[in-house]
Amino acid sequence: MQTIVVKFGGSSLADAAQIRKAADIIKKDPARRFAVASAPGKRSKEDIKVTDMLYRCEAAAAAGRDFEPELQAVRERFQSIIDDLGVSYPLEAELDVIRKHLKTAPDKEYMASRGEYLNSGILAAYLGFAFVDPAEVIRFHENGQYDAETTHFLLSNRLNGLENAVVAGFYGAEENGRVRTFSRGGSDLTGSIVAEAVRADLYENWTDVSGMMSADPRVVDSPRVIDFISYQELRELSYMGATVLHEEAVFPVRRAGIAINIRNTNAPEDPGTMIVPSLPRGRRPRKVTGVAGRTGFSSIQIEKSLMNGEVGFAFRLLSILNAHGIPFEHCPTGIDTMSVFLRTEYLNGCREEVLREIRDELKPDMLAVEDELALLAIVGQGMAYSKGTAARVFTALAEAGVNIRMLDQGSSEMNIIVGVEESDFEDAVRAIYRAVM
Ligand code: ASP
């Protein structure tokens, strides 16, 4: 029999009605043996996530304030879920443990993890599945880094002995039992780790959209949902701001060659997006899978006569950035010119110093910084085998009156990166989308 790992996000488990939908989805296919659950998320735009309520409890306790009103709000969220589902769950006893913790040594990560802990326990009770506390089987090093090797050993041993289970998302623990969390949205990563541990045939990630969009719907009107996307393409698009999964969630399943299917809990019949190690046989890669972009970039521009023949010029320039801990994004060069694109935020507080060091060290004829730039990525594996995409992109931008400030194509030829002024950003995305999708 196949094994599918399902992960339900906070909006999919925000209240009893949503939990029922998730449970129906799980029960519909016996292959869905392992579920990973988030804490209850927002029920409406104005609502607050349980994880944020728990951070508030911790903040109150750490400041010596009365945390009871905040804790009562958490209690009410869970009590209404329990009552509505009609499950038996020892909420009061669990809250007493949390209360005791808050009174003695309040800890942010422990408190944040309680949303997943409680919600997963309740979901397990409702489904009649075993509950697995990741504090016992997802291991962190003392420096807070995730320990993949020990986790794989502990988790696969535990899960392989179970017919089905709910594993709480978002956290694990150090060997000494201290609870540690992943960064926000980290239950996606837990799902991926569980899928790798049980060698799942598929990792279904259930959320509140019917898949990944081929462009930002806030910029492009009703963009197409991507049906298939490779891990590599996903990486390029998410780096450029297209968010559908926690950034690190792809790595465990990618290592294991497991596909991820993004699905919509509120529209379970929609096929969603398949994120795959490689496209299924007989399927040709799309020329362009998606367009994404982000604002907030700067470029440092340098000119120097005979730069071309000066050995180590780029090395010395990048060493200055390196010494300030500044990563760079792109570095297009001319014969006697060079520019470096970086996120503007990295220049905060050290801009003058960096420029002074460049002047002293490299003695340029011209040095300038330009802010308010945006980068766009046109991503598609099929571009490497076809002609004309770049021509269409440039024509579309020219027709939209957008000035191209930078161009770069990755060596895999699966992306074209275009730099434009921030004021042209949305027009550029729309023009490119119309031209290539
Ligand atoms: N509940 C956590 C958060 O709000 C983790 C998650 O939902 O993935 O970030």
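Only a predicted model underlies this, so the values are computations on that prediction, with no experimental measurement involved.

### Some remarks on the packing of helix H1 (residues 16-28) against helix H3 (residues 68-85)
It is at 9 Å that the axes of H1 and H3 come closest, and there the two elements cross at 55°. Classified by the angle their axes make, H1 and H3 are oblique. Relative to H3, the crossing made by H1 is right-handed. Taking contact as the criterion, the partners of Ala-16, Ile-19 and Arg-20 in H1 are, on H3, Ile-81, Asp-84 and Leu-85. Each residue belonging to the contact of H1 with H3 can be placed in one class, and the counts come to four nonpolar, no polar and two charged.

### Overview of the pairing of strand E14 (residues 366-379)
Across 12 bridges, the pairing between strand E12 (residues 290-303) and E14 is antiparallel. Pairing of Gly-290 across the sheet is with Val-379, part of E14. Bridge count for E14 against strand E16 (residues 415-421) is seven bridges, and the pairing is antiparallel. Looking across to E16, one finds that Ala-374 is bridged to Val-420.

### Regarding the site of the ligand
Near the ligand the following residues occur: Ser-38, Lys-49, Thr-51, Glu-116, Phe-170, Arg-184, Gly-185, Gly-186 and Ser-187. In this structure, Gly-186 approaches the ligand through a main-chain N or O atom, which is 3.3 Å from an oxygen atom. Its free accessible area being 270 Å², the ligand has 93% of it covered by the protein chains. Here the residues of the shell around the ligand are counted per class, giving one nonpolar, five polar and three charged.

### A closer look at the sheet that holds strand E3 (residues 130-132)
The strand order across the open sheet built from eight strands is E3-E5-E2-E1-E8-E10-E11-E9, with neighbouring strands paired in mixed fashion. At either end of the open sheet lies a strand with only one pairing partner, and these are E3 and strand E9 (228-230). Taking each pair of neighbouring strands and ignoring which way they run, the sheet shows an average axis angle of 20°. Pairing of strand E1 (residues 4-8) with strand E2 (residues 32-37), which is carried by five bridges, proceeds in the parallel orientation. Across the sheet, the residue bridging to Lys-7 is Val-36, located in E2. Its contacts with the sheet place helix H5 (residues 108-127) against E2, E3 and strand E5 (165-168), and it is angled at close to 170° to E5.

### Quick notes on the sheet that holds strand E6 (residues 171-174)
Taken together, three strands build an open sheet; the order of strands is E4-E6-E7 and the sheet is mixed. One side of each edge strand has no neighbouring strand; the edge strands of this open sheet are strand E4 (139-140) and strand E7 (179-181). Examined bridge by bridge, E4 and E6 share two bridges and lie parallel to one another. In the strand pairing of E6, Arg-139 is matched with Ala-173.

### Looking at the pattern of salt bridges
Enumeration over the complete set of coordinates arrives at 28 salt bridges. Note that Arg-180 is salt-bridged to Glu-109, the shortest N-O span being 3.3 Å. In this pair, Arg-180 sits in strand E7 while Glu-109 sits in helix H5, placing the two residues 71 residues apart along the sequence. The same class applies to Arg-180 and to Glu-109, which are both buried. Arg-178 serves as the salt-bridge partner of Glu-174, at 3.9 Å between the closest nitrogen and oxygen. By relative accessible area, which is 5% here, Glu-174 ends up buried.

Each value, and the rule that gives it
- Residues numbered from 1 in each chain as written.
- Predicted model: local features only at pLDDT ≥ 70, side-chain atom pairs only at ≥ 80, totals over all residues.
- Heavy atoms only, no water.
- Axes fitted to C-alpha atoms, helices over the stretch in contact; angles between N-to-C directions.
- Helix = DSSP H or I, 4+ residues; strand = E, 2+ residues; numbered from the N terminus.
- Parallel < 35°, antiparallel > 145°, perpendicular 65-115°, else oblique.
- Left-handed = near helix turned anticlockwise from the far one by under 90°.
- Contact = heavy atoms within 4.5 Å.
- Nonpolar A, V, L, I, M, F, W, Y, C, P; charged D, E, K, R; others polar.
- Pairing = 2+ DSSP bridges.
- Near = heavy atom within 4 Å.
- Polar contact = N/O pair within 3.5 Å; in protein donor to acceptor, adjacent residues only side chain to side chain.
- Areas by Shrake-Rupley, 256 points an atom, 1.4 Å probe, with all protein chains shown as cover.
- Salt bridge = Lys/Arg side-chain N within 4 Å of Asp/Glu carboxyl O.
- Buried < 20%, exposed > 50% of the residue type's maximum accessible area, 1.4 Å probe, protein only.

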